[in-house]
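So you can see what is in the structure, the chains are spelled out below.
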Amino acid sequence: VGRGVPCSLLTGEESVPAENARVVSSTIEMVNTRDVIDVAVIDEAQMIFDDSRGWAWTQAIVGVPARELIIIGSAHAAP
């Protein structure tokens, strides 16, 4: 489905912009919470319980200004 779709990469260590990209893949710590976007997909949501990185999932889930938010996580994260 996504073949040929330009996608930029943004991590704490590197930024790899793709020409004409409308899609950005980033680490959770680098999620943009300033600019309104159409869709955000947050994977590994069970990491919200991680003592050292859980803050980043909380910040992203609560703060990403997306018109549609898709949250994906392990079944073990559900009560």
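All residue numbers here refer to positions counted from 1 along the written sequence of the relevant chain. Under the rules for a predicted model, residues below a pLDDT of 70 receive no local features and side-chain atom pairs below 80 are neither given nor counted, while totals for whole chains, interfaces and linings still include all residues. As a rule here, side-chain values cover all heavy atoms of the structure and leave hydrogens and water aside.

### Examining the pattern of salt bridges
Move 1: The salt bridge criterion pairs a side-chain nitrogen of Lys or Arg with a carboxyl oxygen of Asp or Glu, the two atoms within 4 Å. Under the counting rule described, the total for this entry stands at 2 salt bridges.
Move 2: For Glu-29, the salt bridge identified is with Arg-53, shortest N-O distance 2.6 Å. Taken together, the residues span a long stretch of sequence, with Glu-29 in the loop between strand E3 (23-26) and strand E4 (37-42) and Arg-53 in the loop between E4 and helix H1 (54-63) at a distance of 24 residues.
Move 3: Residue classification places Glu-29 among the partly exposed residues on the basis of a relative accessible area of 27%.
Move 4: Put simply, Asp-38 and Arg-67 hold a salt bridge, and the shortest N to O gap is 2.8 Å. Of the two residues, Asp-38 sits in strand E4 while Arg-67 sits in strand E5 (residues 66-71), which places them 29 residues apart along the sequence. Arg-67 carries the same exposure label as Asp-38, and that label is exposed. Numbering goes from the N terminus for both helices and strands, where a helix is a DSSP run of H or I of at least four residues and a strand is a run of E of at least two. Exposure is judged per residue with a 1.4 Å probe applied to protein chains only, and the accessible area is read against the type maximum: over 50% gives exposed, under 20% gives buried, and values in between give partly exposed.

### With respect to the side chain of Ser-8
Move 1: Structurally, Ser-8 can be placed in strand E1 (residues 7-10).
Move 2: Residue class for Ser-8 comes out buried when judged on its relative accessible area of 13%.
Move 3: Two N or O atoms form a polar contact when they lie within 3.5 Å of each other; inside protein one atom must be a possible hydrogen donor and the other a possible acceptor, and for residues adjacent in sequence the pair counts only when both atoms belong to side chains. Here Ala-18 takes part through its backbone nitrogen, which lies 2.9 Å from a polar atom of the side chain of Ser-8.
Move 4: When residues no more than four places from it in sequence are discounted, the contact partners of Ser-8 are Val-16, Pro-17, Ala-18, Ala-21, Val-23, Val-24 and Ser-25. The contact rule is simple, with two residues in contact once any of their heavy atoms fall within 4.5 Å.

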